[in-house]
Amino acid sequence: MAWGLPKLPGLTFSDPTKTRYHMRSSLRYYQGHRFPDTLVKGPGGTATDVESNAFALPEDSVNYDPSLTYGRVKQPALPMVIPHWVHYDKRCLNFTAFFKQPVYENPNENYRVRIVNIVYFLEDDTITVIEPRTRNSGLWQGRMVKRDKILKNDMGEYWHWKDLDNGKDICIFGKVFHTVSCDLFTKEWLESQGIELSKEEDIPVDPYVEKERWKKIQPPRRTVAHDDPLRRFLEYDGKVLAFNVVWDNRDSVNGELVEYKLIYFLQDDCISVKELHDPRGGKDPFPLLLKKMKLPKKWKEKPVSFPSIVMETTEEEVTEYYSPRDLIVGETIFVLGRRFLIFDCDQFTRKYFKTMLNIDQPPRVEIPQKKMKEFPKMFPPHIGIGTPEDSLGSCFGLMPKPPHKDVIKYNLNANKYLRYLCVLDWIHPEDKSRKFVLSYSLADGTIKIGEVPQRNSGFREGKFLKAMLLETPESDPNFPTYFTPDKFYIGAIVPVFKHRFKIIGCDLFVYRYMSSNPEKFPQEVIDNVRNYHMREGNLKDELEDAVKDLEAAEMRAQLAKIGQAAVAEPNAMERCLSELGVVEGSASPPRPATPPLTTDHMSYDDSLRAARLSNPPCDNVLPLKGILKSGEARDDHQKVVCFSGPSTEQQREAKPRPTGQDSEFDEDPNFCDKFKESDVAERAERRAKHICPYEIAPSAQTAGGSADESAKPSPPGYLGTFGVQCKEVPDYMRLPHDAYEKVKKLRQDVTKISPAAEKLAGLPREDFPPVSTCMETKTEVVPCPPHKEEDVAFSCPRAEPGAPCCDPEKRKSE
């Protein structure tokens, strides 16, 4: 074509040699990937104008080079340039957004939540909005906004990827889309460009779609446990789990922190909540905040199919109830809309959780409470009407109540009085001989005084003071203290309305009552009353019983000492059987050498030896008759040993022998050897060699037997001689079949009293001296300071008797 001519019809010329007119592609494919083609050609593959030398610049070393005459110079390849529209081809930013579409004149829904995808193309900065299709939605879904550049404002600015973010409202053609999230590529690409995205949001729930979804879902059915209610009733009746809970209602008007008691019944899994009333709170005393019922966890949860006209729900509508596993200290539970904190439980509840559920309850949670300022209580003085207790009862309520009476004390002590004999601490001589009886009622603590009638006294006998509570002199008139029995003793002064009564005597019942109730009286008062009755001679029977008990205790101790000192040595046969380890006629173990504390039989010499070692203080000490008759030991004493010996008269006439001159007894440890047989050592040596210890002579029949009898094999023995079986025990040496059981029981139980003791008990004995003899014992009395009969206690030292009155030898010498 000619240069310089305008491109007008008639001025253009075609090249007849040009047969190809297609445009060369700017991209080429290599192994499935697109790359820009660096070789740029014109239509039909012709060279472009910029490649001619006319347009070559001096800086272009390829097209303009003087060295072309001498040959081309090899140059490096040009840098590969990727166009923008190639680099971002099919790369998009995807944001998830929603918009609310209002629905008019429809009672089931007010708006719809429609979810869309906002796609931003990085290739040319265009935007499109596509709504995903939903089956059977009834809506026209798909592409909502055609791909194009979208204006952002009236200034002519377009939406750019720098303007996109999570939680942002994007207005496109009057419809506002709110972005909530984006995909992973979008997040990574924007962060690579230095943009930090906001936190993702949740798509709001469409109420209509949610309602339709719940219609299709079947409500969960609670599995009915096959439980036996009768068994649970018998096993858990009366067993409850008690929790201390608190309801914090201080956020509301006039609210406070209120404590309750939550009780879980193991019998039927019911719960009740009881309010702990404060008498100063000023509230109505309602017994229960929640009656006994099964407590649901979600009390507002109802199935969709539940009719709205029904007010009450049944167990079919409730999915889950509170169980013991949900009641843990420190946890919060909801009781029909109220939030309760469990801060403590009792010991039974903690033990039940540990043993049955293997759960350790946490320790108590301390609840900080505001301490109320307490003002001191001031009680008004006695107004003079009635008793001070009546006036004090009007301070505890608007309706005064009579003082409380101890009915149990009254019933136990009805018609029981402590009576004391009194005289006036007289000033006028005519009152000197007057006597009074002071009676203290154990039922209600009242005191009444009556005068003892006397002939020609000039005073009228009878009631002196009616039954009333008598105040002590130091008591407060408004809060009085009254006389009690511990303040009455011999010599005490009792003031009664300006009169002074002196106690000079009392009944024996007073001492009996003090002895049976020692914790109610000081020891000085008990000693004072006992001394009075001793002087009066009212305690003779008690004194005789005490002396008898003391003598019996001493006797038991002496006999027990004798029994412990007595040791019976085994005889020669018993020693032989013990060394051989054989019990005749039985397979029982050998009998021990030393018997128990008591023995069945002792010789006279052994009894003298035991009596000498024991050294009893009195000759007339006898074993207890109860022991001898029954033969068994009681709990209050030990078993005693009785010995056989001469009669009492012979024993008294016998003269004691000096120590160390007894011909029949010696302290030599080999004392018993001289009583042994002469062949004891020889028989022991033969027994050690398994030879019969006794020589058994053969009978005439055995010695002169026939040849047939001699041909019989003889049974094996220790020696095998004379045809005698040494292991065979004669019939007279065999023990009965139950001997082993008897010996076993004898060792386990306490042994019986010997027959010799019963024989000794039948001997005539000298009677004990009377009690008066012991009471009139001559003693050296140290002079004491002068005292009065009404003294509370006697601390004067007394001399002990010189010798016991039960010793007959000492008594004869005196």
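Let us look at the structure shown here. (Residues numbered from 1 in each chain as written. Predicted model: local features only at pLDDT ≥ 70, side-chain atom pairs only at ≥ 80, totals over all residues. Heavy atoms only, no water.)

With respect to the overall build of the chain
Phase 1: Across its full length, the chain carries 21 helices and 20 strands.
Phase 2: In the chain, buried positions account for 25% of the 814 residues.
Phase 3: The contacts in the chain between residues at least 6 apart in sequence include a share of 51% that link residues at least 24 apart.
Phase 4: Working note: accessible area of the chain is about 59,800 Å², and carbon and sulfur atoms make up 54% of it. (Helix = DSSP H or I, 4+ residues; strand = E, 2+ residues; numbered from the N terminus. Buried < 20%, exposed > 50% of the residue type's maximum accessible area, 1.4 Å probe, protein only. Contact = heavy atoms within 4.5 Å. Areas by Shrake-Rupley, 256 points an atom, 1.4 Å probe, with all protein chains shown as cover.)

Some remarks on the pattern of salt bridges
Phase 1: Here the structure, examined in full by the defined rule, presents 22 salt bridges.
Phase 2: A salt bridge links K215 to E212, with the shortest nitrogen-to-oxygen separation between them at 3.6 Å. Here E212 and K215 lie together in helix α3 (residues 207-216), a separation of three residues that amounts to about one turn.
Phase 3: A relative accessible area of 25% means that E212 is categorised as partly exposed.
Phase 4: Notably, a salt bridge pairs D360 with K354, separated by 3.1 Å at the nearest N-O pair.
Phase 5: Here the residues in one salt-bridge network are D344, R350, R364 and E366, joined through shared partners. (Salt bridge = Lys/Arg side-chain N within 4 Å of Asp/Glu carboxyl O.)

So, the side chain of D206
Phase 1: Assignment of secondary structure puts D206 in the loop between α2 (184-192) and α3.
Phase 2: Despite being buried, D206 has no salt bridge partner; R112 is the closest side chain of opposite charge, sitting 6.4 Å away.
Phase 3: Apart from the residues lying within four places of it in its own chain, the contact partners of D206 are Y111, R112 and V113. (Lys, Arg positive; Asp, Glu negative; His and termini not counted.)

Describing the sheet that holds strand β8 (residues 175-182)
Phase 1: In spatial order, the strands read β6-β5-β4-β3-β8-β7; together these six strands make up an open sheet with antiparallel pairing. Only two strands of the sheet have a single partner each, and these edge strands are β6 (142-148) and β7 (169-172). Looking at each pair of strands side by side, their axes are set apart by 30° on average, direction ignored.
Phase 2: Both β7 and β8 contribute to a ladder of four bridges, which runs antiparallel. Within β8, the residue paired with I172 across the bridge is K175.
Phase 3: Contacts from α2 reach β3 (92-102) and β8, with the element oriented near 115° to β3. (Pairing = 2+ DSSP bridges. Axes fitted to C-alpha atoms, helices over the stretch in contact; angles between N-to-C directions.)

Examining helix α8 (residues 508-516)
Every α-helical turn comprises 3.6 residues, leaving residues that sit three or four positions apart pointing alike.
Phase 1: Considered for burial, the residues of α8 that qualify are V510, Y511, Y513 and M514. Along α8, the residues classed as buried sweep out an arc of 160° about the axis, all on the same side.
Phase 2: Packing partners of the buried residues in α8 comprise β15 (417-424), β20 (499-506) and α9 (523-536). (Arc of directions from axis to C-beta.)

Some thoughts on the packing of aromatic side chains
Phase 1: Under the criterion given, the structure shown has 16 aromatic pairs.
Phase 2: With a centroid separation of 5.4 Å and an interplanar angle of 75°, the aromatic rings of F99 and F177 are classed as edge-to-face. Taken as a pair, F99 in strand β3 and F177 in strand β8 lie far apart in primary sequence, 78 residues in all. Each member of the pair, F99 together with F177, is buried.
Phase 3: Here the guanidinium or amino end of K294 rests over the ring plane of Y321, the centre of that ring lying 5.8 Å away.
Phase 4: Taking the ring centre of Y417 as reference, the NZ or CZ of K448 above it sits at 4.9 Å. (Phe/Tyr/Trp six-rings, centres within 6.5 Å; stacked < 30°, edge-to-face > 60°. Lys NZ or Arg CZ within 6 Å of the ring centre and 35° of its normal.)

Focus: the nonpolar core
Soluble, globular proteins show a tendency: their nonpolar side chains are buried together.
Phase 1: Ranked by size, the top nonpolar core spans 31 residues in total, and within it Y420 and F488 carry the most contacts.
Phase 2: Secondary structure elements with two or more residues in this core: β15, β16 (435-441), β17 (447-451), β19 (493-496), β20, α8 and α9.
Phase 3: Y420 has contacts with F436, V437, L438, P485, F488, I503, G505, C506, V510 and M514, leaving out every residue within four places of it along the chain.
Phase 4: L241, V329, V335 and F340 belong to the second largest nonpolar core, which has 26 residues in total. (Core = buried A, V, L, I, M, F, W, Y, C linked by side-chain atoms within 4.5 Å.)

Considering the sheet that holds strand β18 (residues 462-468)
Phase 1: Read across the open sheet, the six strands follow the order β18-β17-β16-β15-β20-β19; overall the sheet is antiparallel. Bordering the open sheet on either side are β18 and β19, each of which pairs with just one other strand. The sheet shows a mean angle of 30° between the axes of neighbouring strands, taken without regard to direction.
Phase 2: Strand direction decides the pairing type here: β15 and β20, joined by five bridges, are antiparallel. By the bridge assignment for β20, Y420 is matched with C506.

Concerning the pairing of β19
Phase 1: The side-chain alternation of β19 yields one buried face, formed by V494 and V496, and one unburied face, formed by I493 and P495.
Phase 2: As judged from the four bridges shared by β19 and β20, these two strands associate in the antiparallel manner. Bridge pairing links V496 to H499 in β20.
Phase 3: In this structure, the hairpin formed by β19 and β20 is closed by a connection of two residues, where F497 is found at a positive phi of approximately 50°.

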